[in-house]
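# A closer look at the structure
Given next are the chains, with one letter for each unit.
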Number of protein chains: 2
Amino acid sequence: MMLEKTTRINFLFDFYQSLLTDKQRQYMQLYYLEDLSLGEIAEEYGVSRQAVYDNVRRTETMLEDYEKKLNLFDKFQQRIEIVEQLEQLMTGSDEHTTKLKNLLNELKDRE
Amino acid sequence: MMLEKTTRINFLFDFYQSLLTDKQRQYMQLYYLEDLSLGEIAEEYGVSRQAVYDNVRRTETMLEDYEKKLNLFDKFQQRIEIVEQLEQLMTGSDEHTTKLKNLLNELKDRE
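Here the structure is a predicted model, which means the values were calculated and not measured.

## A word on the overall build of chain A
Helix and strand counts for chain A come out as six helices and zero strands. Element order for chain A, N to C, with α for helix and β for strand: α-α-α-α-α-α. With 111 residues in all, chain A has 39% of them scored as buried. Across chain A, the fraction of contacts at a sequence separation of at least 24, relative to all contacts at a separation of at least 6, is 55%.

See below:
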């Protein structure tokens, strides 16, 4: 599995897992978090490898669809970026005050 | 309509409208944002008042269900609260630095 894709799916799973079914959540957890193979999951649940594969792929598509609609991961990254900028300004002197306030306003404008 | 409930529904609509159908979005917009009556909406769409009522009530329930699962409105309020505390500390002297950093960490811990 490509590392970058795995990281993204893990994040999306974090944000949207409450919208999945129990079965979807279980497969995703075993596959992505506990790193079991499709075959191992299939064996554990007494279903075909193909069934697990289809379920996982469908869930990934659902997660990307939710992200397209709600942008929670994207907004999260934007906030983190702002907070990091804020932190860099924290040690500054008074001339930074205006910058700080602008950043805070930006933060408030996001959901 | 009770003002407090209307405000809450407006916020939930803001956060979750992308998950609604076009029809649900239209009715909610007319009823809550443009303040049309159920009867006026029914007339505009050539349906019964009861049909509009049922759709709007069902949508409200859906919005509350999404909030139970994703807590976007709740998390948003929490962030706003933190940002307001941060702002109050902005004018402070050096003894506030630790407080500021704690608040920023809190902010980062939220999604």
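Moving on from the model shown.
## Here's the deal with the packing of helix α3 (residues 38-45) of chain A against helix α4 (residues 49-70) of chain A
Residues and elements named next belong to chain A. Where α3 meets α4, the closest approach of the two axes is 8 Å, and the angle between their N-to-C directions is 110 degrees. Of the possible angle classes, the one that applies to α3 and α4 is roughly perpendicular. Crossing of α3 over α4 shows right-handed handedness. On the side of α3, the interface is formed by L38, G39, I41 and A42, while α4 contributes R49, V52, Y53 and V56. Residue composition of the contact of α3 with α4, by class: six nonpolar, one polar and one charged.

## Focus on a negative patch on the surface
Residue and element names in this part refer to chain A. On the surface, E34, D35, E40, E43 and E44 cluster together into a patch of negative charge. Of note, E40 is situated in helix α3. Using a relative accessible area of 43% as the deciding quantity, one classes E40 as partly exposed.

## Examining the relation of the copies chain A and chain B
Superposing chain A onto chain B takes a rotation of 180 degrees plus a shift of 0.0 Å along the axis, which leaves an RMSD of 0.0 Å. Taken together, the rotation and translation describe the operation of a two-fold axis. With an isologous cut-off of 70% or more, the 100% of interface residues of chain A that recur at the interface of chain B puts this contact in the isologous class.

## Notes on α4(A)
The end-to-end C-alpha distance of α4(A) is 31 Å, a good match for the 32 Å that 22 residues give at a rise of 1.5 Å each. Residues V52(A), N55(A), V56(A), T59(A), E60(A), L63(A), Y66(A), E67(A) and L70(A) constitute the buried set of α4(A). Angularly, the buried residues of α4(A) cover 135 degrees about the axis, an arc narrow enough to put them on a single face. Residues of α4(A) that are exposed and point more than 90 degrees away from the buried face comprise R58(A) and K68(A). For α4(A), the secondary structure elements touched by its buried residues are α1 (3-16), α2 (22-33), α3 and α5 (72-89) of chain A together with α1 (3-16) and α4 (49-70) of chain B.

## Let's talk about the pattern of salt bridges
Side chains bearing opposite charge may pair, as long as their charged atoms lie close to each other. All names here are of chain B. Applying the stated rule across the entire model yields eight salt bridges over all chains. A salt bridge links D22 to R25; the shortest N-O distance between them is 2.6 Å. Of this pair, D22 and R25 both sit in helix α2 (residues 22-33), three residues apart, which is roughly one turn of that helix. Here D65 and K68 are joined by a salt bridge, their closest N and O atoms 4.0 Å apart. One end of the pair, D65, and the other, K68, are both in helix α4, three residues apart, so they sit about a helical turn from each other. We classify K68 as exposed; its relative accessible area is 67%.

## A short note on the interface of chain A and chain B
At the junction of the two partners, chain A supplies 23 residues and chain B supplies 23 residues. The junction of chain A with chain B conceals about 2300 Å² of combined surface from both sides, 73% of it contributed by carbon and sulfur atoms. Our enumeration of links across chain A and chain B arrives at zero salt bridges. On the surface where chain A and chain B come into contact, there are two residue pairs in polar contact (both at pLDDT 80 or more). Of all the secondary structure elements, the ones that give two or more residues to the side of chain A that touches chain B are α1, α4, α5 and α6 (97-109) of chain A.

## Here's the deal with the nonpolar core
Judged by nonpolar contacts, the single largest core of 48 residues is most densely connected at Y16(A), V56(A), L63(A), Y16(B), V56(B) and L63(B). Among all residues touching Y16(B), those that are not within four sequence positions of it are L63(B), Y66(B), E67(B), L70(B), N71(B), L72(B) and F73(B). Among the nonpolar cores identified, the runner-up in size contains 16 residues, and V83(A), L104(A), V83(B) and L107(B) belong to it.

What counts, and where the lines are drawn
- Residues numbered from 1 in each chain as written.
- Chains lettered and ligands numbered in written order.
- Predicted model: local features only at pLDDT ≥ 70, side-chain atom pairs only at ≥ 80, totals over all residues.
- Heavy atoms only, no water.
- Helix = DSSP H or I, 4+ residues; strand = E, 2+ residues; numbered from the N terminus.
- Buried < 20%, exposed > 50% of the residue type's maximum accessible area, 1.4 Å probe, protein only.
- Contact = heavy atoms within 4.5 Å.
- Axes fitted to C-alpha atoms, helices over the stretch in contact; angles between N-to-C directions.
- Parallel < 35°, antiparallel > 145°, perpendicular 65-115°, else oblique.
- Left-handed = near helix turned anticlockwise from the far one by under 90°.
- Nonpolar A, V, L, I, M, F, W, Y, C, P; charged D, E, K, R; others polar.
- Patch = residues over 30% accessible without salt bridge, like charges linked within 9 Å, V, L, I, M, F, W, Y side chains within 5 Å.
- Areas by Shrake-Rupley, 256 points an atom, 1.4 Å probe, with all protein chains shown as cover.
- Salt bridge = Lys/Arg side-chain N within 4 Å of Asp/Glu carboxyl O.
- Lys, Arg positive; Asp, Glu negative; His and termini not counted.
- Charge placed at Lys NZ, Arg CZ, Asp CG, Glu CD.
- Least-squares fit on C-alpha atoms with pLDDT ≥ 70 in both.
- Expected span 1.5 Å × (residues − 1).
- Arc of directions from axis to C-beta.
- Buried area = accessible area lost by both parts, 1.4 Å probe.
- Polar contact = N/O pair within 3.5 Å; in protein donor to acceptor, adjacent residues only side chain to side chain.
- Core = buried A, V, L, I, M, F, W, Y, C linked by side-chain atoms within 4.5 Å.

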